[in-house]
Structure formats: C-alpha cells, structure tokens
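Examination of the molecular architecture
The primary structure of each chain is shown beneath.
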Amino acid sequence: MERYDRQMRVKNIGKVGQKKLLTKTILIVGVGAIGSYAAEICARMGFGKLILIDRDYVELSNLQRQSLFTEQDALDKQAKAYAASKALQLINSDIEIEYIVDDANVTSLTPYAGAIDYILDCTDNFMTRDFLNQFCFTHQIPWIFTSCAGNYANLMPIIPPDSACLHCLLGDIPQTNAASCDIIGVDGALIPIVAGMQVSLLTQMIINPDFKANTYYQLDNWHFSFRSLEVKKRPDCSGCTTGKMVSEVPFSEQTVTLCGRDTVQFRLPNKSNYLEIKQLLAEQKITYKENPALLSFNYEKFQFVIFKNGRVLLHGTENITEAKKTYHLFFN
Ligand SMILES: [Zn+2]
C-alpha cells in the first residue's frame, strides 16, 4: 500500500477507496492513443487487474500520441497489447496484467464477461463502440465511451441497464469514421487530458456511491472549453431497452480499406497457419520477419502483415481490386 501513499492522502479516495481500486478488473479496449495513456494511469494508480485488447501492432506514426511504446517496438512491429503489457508490468509489478491480440468482438470477449468489472472504450471506430454498447448492456458492465479527433474529445459514462446508452446519445451509430483521427489527425497534447478524465470517471464510478451517469462531456483543448450535457434515456432505444445483439458481419471480418492508412484488411477463413505460409515464402525466396504476435514480409511495393488470429493487412494500396489481386497471389 505504501506506493499509493500520495493517492490515499487525497480526501476523495482515501485508504478505503484505494482498497476498492485494488480489487477491480478493468478491460481496456484499444491500446492506441487514449488506451495507452489510460492503461498507464490505471497501472500507476493501482487498479488490481488490467486486461488489454488490441488487434494492431506499433508503427512509427503512433509514437506522436501513444504512450508506453518505443521506436524499437515499431521496428519490431510488436503487437500493441503485448508491448503495452510489458511496459506496464515494469511500472507496477504488484498488479495483474493480461493481454489479448485480437479484435474486440463476441468471440474474443464473452469468455471474460464474468470477470470484468468495468470497461474503458479506447477504440477508434464506431463499429466496435456499437458492439461494446450491446455487450455491456447484455452483461451489465459499466463502461466509459471516449473518442477524440483533431482538438475535440467526447466522454460519457454508461451504467447498464438504467442509464442512457450510446444509442440514446447518438441515435443511429455512424457507419463511417468521418472524424477518425486517421483522416483528420489528432493533437498529441489532447490525449493525456482525455485519458486522465476517463480514469477520473472510472475512479468515481468505483468509489463514489452517489456517482451519476447520464452526462455527456465535450472538451476542446485548443480553446480550453468544456461543456457537459444531460442525456436522457430514450424509452424506445434499441440499445438499452430491447438489447438487440449484433447481427451484421463485424467490421473486422470484412475485406475493407482502412481509411487514411493506405491499407486493405483481409481475413483468412481460419487462424494463420504460419508453417504453411513460411513454406510458401521459402519457395518464392521471400524473406520474412516474425515476433510473438505476427509475421510480415514485403512483396513488390506491398507489405503483408499476418496476425495469428487470421487477420491480414496489406499495406501499400487503398484500391480493393489491386489489393485482392496481390492478396490472392498468396492466399485463397
Ligand atoms: Zn439507449
């Protein structure tokens, strides 16, 4: 407990509050900009167990806004969840940390549902948030919606089944990421502010018995403006009254262009068979790199990155036809 002394001196937290934090399991969905900072704050503050899920690997262009990662992680294409868990364990070896290199979806997260106390939404797309909205309603897990792009950030704590949900706030969830930070960018100085606010909300949810949800917060770090709005639960909301489950094919399982990243994503029908892929590459005299989470190789102007779970990224084009042609040179 000694390491948390300065935190326990804070009147609103105290020793009793600190003990509560130490018993909680927090799932952090997305370990990019907001997720890496939020995870670091949670680890230092002493939340008992952190589960990190992220499907991506570290790239040089991430380092401008993402904590915990190094240039070496980018060179080695380390999976973000893995690299973050290593860094966090060095910061606090007293807490438990688990990592998952995969998409956040029904298959990957349902086995954890019973063990998770709270979820931090640190993802960068509304398809995953829509899934989280339904997952958290189904399993009655409190969570905090958080997004940012440019100089703006949005936050809303959601406590199922009684509070307003993401659908109550937004109506229909947008199907495109028009304000994605991949397209309009994001101010690196905004991120730690948002992550700090997100973990502040989380701490209050855990410690403060009078904590009230149903409030949406918006922040602008350029004009230093902040506003909060009351959100009413909609009596006819499909997200928090009927609790419909995701029916469409998840975003992660389609062949899609990742906007602003010059990348097309494919999905192998099964988990990756590295042995078979390595054999194929050896026959064509193509060299590859490998780390605990993925295998990568270059072919002409393209770069392939193949994750263990069967997700394939083809860097070097946003043209689906061209990407498919290249992809099918190697895979069915
Ligand atoms: Zn709702």
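An unreviewed UniProt entry lists the protein under the name Molybdopterin biosynthesis protein MoeB, with Listeria farberi given as the organism. You can read under Sequence similarities (unreviewed entry) in the UniProt record for the protein the words "Belongs to the HesA/MoeB/ThiF family."

Comments concerning the pairing of strand E13 (residues 302–307)
With respect to burial, E13 is a largely interior element, 5 of its 6 residues being buried. Where strand E12 (residues 294–299) meets E13, 6 bridges bridge the pair, whose relative direction is antiparallel. Opposite Asn298, over in E13, you have Gln303 as the bridge partner. The turn linking E12 back onto E13 is made up of 2 residues, and Glu300 within it adopts a positive phi angle of 50°. In the sheet, E13 pairs with strand E14 (residues 311–315) via 4 bridges, with the strands oriented antiparallel. Considered in E14, the bridge of Phe304 is made with Leu314.

Things to note about the coordination of the zinc ion
Every protein donor of the zinc ion is listed here as Cys165 (SG), Cys168 (SG), Cys237 (SG) and Cys240 (SG), and their distances to the metal cover 2.3 Å. Considering all 4 donor atoms around the zinc ion, angles at the metal cover 99 to 124° and the coordination shape is tetrahedral. Between the donor residues of the zinc ion, the gaps in sequence give the motif C-x2-C-x68-C-x2-C. Residue classification places Cys168 among the buried residues on the basis of a relative accessible area of 7%.

Re the sheet that holds strand E4 (residues 118–121)
Overall, mixed pairing links the 8 strands, which are arranged E3-E2-E1-E4-E5-E6-E7-E8 in an open sheet. Every other strand in the sheet has two partners, leaving strand E3 (96–100) and strand E8 (225–230) as the edge strands with one partner each. Along the sheet, successive strands turn relative to each other by an average axial angle of 15°, direction set aside. Pairing of strand E5 (residues 143–149) with strand E6 (residues 152–158), which is carried by 7 bridges, proceeds in the antiparallel orientation. When the bridges of E6 are listed, Trp143 appears paired with Ile158. Each of strand E1 (25–29), strand E2 (49–53), E4 and E5 touches helix H3 (residues 33–45); the most contacted strand, E2, lies at about 165° to it. Sheet contacts for helix H7 (residues 126–139): E1, E4, E5 and E6; angle to E5, the most-contacted strand, approximately 170°.

Observations concerning the pattern of salt bridges
Going through the model one piece at a time under the given rule, you end up with 14 salt bridges. Put simply, Arg6 and Asp5 hold a salt bridge, and the shortest N to O gap is 2.6 Å. The class of Arg6 is exposed, set by a relative accessible area of 66%. Residue Asp5 is classed as partly exposed on the basis of its relative accessible area, which comes to 21%. Of the charged contacts, one joins Lys49 and Glu98 as a salt bridge, the two residues approaching to 3.0 Å between their closest N and O atoms. Placement of Lys49 in strand E2 and of Glu98 in strand E3 is noted, with a sequence separation of 49 residues between them. The structure contains a network of salt bridges with shared partners spanning Asp56, Glu59, Arg261 and Arg311.

Describing the nonpolar core
For soluble globular proteins, the rule of thumb is that nonpolar side chains tend to be buried together. Judged by nonpolar contacts, the single largest core of 49 residues is most densely connected at Ile26, Phe47, Leu50, Leu52, Leu120 and Leu202. When residues in this core are grouped by element, the largest group, 10 residues, is from helix H10 (residues 190–207). Those residues within four positions of Phe47 in sequence are excluded, and the remaining contacts are Leu21, Lys24, Ile26, Cys42, Ile95, Val199, Leu202, Thr203 and Ile206. One finds Ile51, Leu109, Cys136 and Cys240 within the second-largest nonpolar core, a separate group that totals 29 residues.

As for the side chain of Gln198
Examined against the element boundaries, Gln198 turns out to sit in helix H10. The residues touching Gln198, leaving out its near neighbours within four places in the chain, are Ile34, Ala38, Leu120, Asp121, Cys122, Ile144, Thr146 and Leu155.

Let's talk about unusual backbone geometry
The omega torsion of the bond from Pro160 to Pro161 falls at 5°, within 30 degrees of zero and hence cis. The backbone of Asp262 shows a phi angle near 55°, a positive value even though the residue is not glycine. Looking at where Asp262 falls in the secondary structure, it is placed in the loop between strand E9 (256–258) and strand E10 (263–267).

Concerning the environment of Gly260
Along the chain, the position of Gly260 falls in the loop between E9 and E10. Considering only alpha carbons, one finds Gly260 and Ile184, 76 residues apart in sequence, at a separation of 9.0 Å.

What counts, and at which threshold
- The residue count restarts for each chain, going from 1 along the sequence in the order it is written.
- Reporting in this predicted model follows two pLDDT cut-offs: at least 70 for local features of residues, and 80 or more for side-chain atom pairs to be given and counted; totals over whole chains, interfaces and linings ignore these cut-offs and use all residues.
- Only heavy atoms go into the side-chain values, all of them from the structure, while hydrogens and water stay out.
- UniProt positions are given in the numbering used here, feature names are shortened, and annotations may be inferred rather than shown by experiment.
- Accessible area is worked out with a 1.4 Å probe on protein chains only. A residue is then buried under 20% of its type maximum, exposed over 50%, and partly exposed in between.
- What counts as a helix is a DSSP run of H or I of at least four residues, what counts as a strand is a run of E of at least two, and both are numbered from the N terminus.
- In this scheme, strands are said to pair when DSSP sees at least two bridges between them.
- Sodium, potassium and calcium take a 3.2 Å donor cutoff, other metals 2.8 Å, and in both cases only N, O and S atoms count; water is not among them, so sites may look incomplete.
- Angle rules define the geometry names used: all angles between 85 and 135 degrees makes four donors tetrahedral, while opposite donors over 155 degrees apart and all other angles between 65 and 115 make four donors square planar and six octahedral, leaving every other case irregular.
- Between N-to-C directions, angles span 0 to 180 degrees; the directions come from axes that are lines fitted to C-alpha atoms, helices contributing only their stretch in contact.
- Should any heavy atoms of two residues lie within 4.5 Å, those residues are counted as being in contact.
- Salt bridge, as used here, is a side-chain nitrogen of Lys or Arg placed within 4 Å of a carboxyl oxygen of Asp or Glu.
- Joining through side-chain atoms within 4.5 Å is the link that ties buried Ala, Val, Leu, Ile, Met, Phe, Trp, Tyr and Cys residues into a set, and such a set is a nonpolar core.

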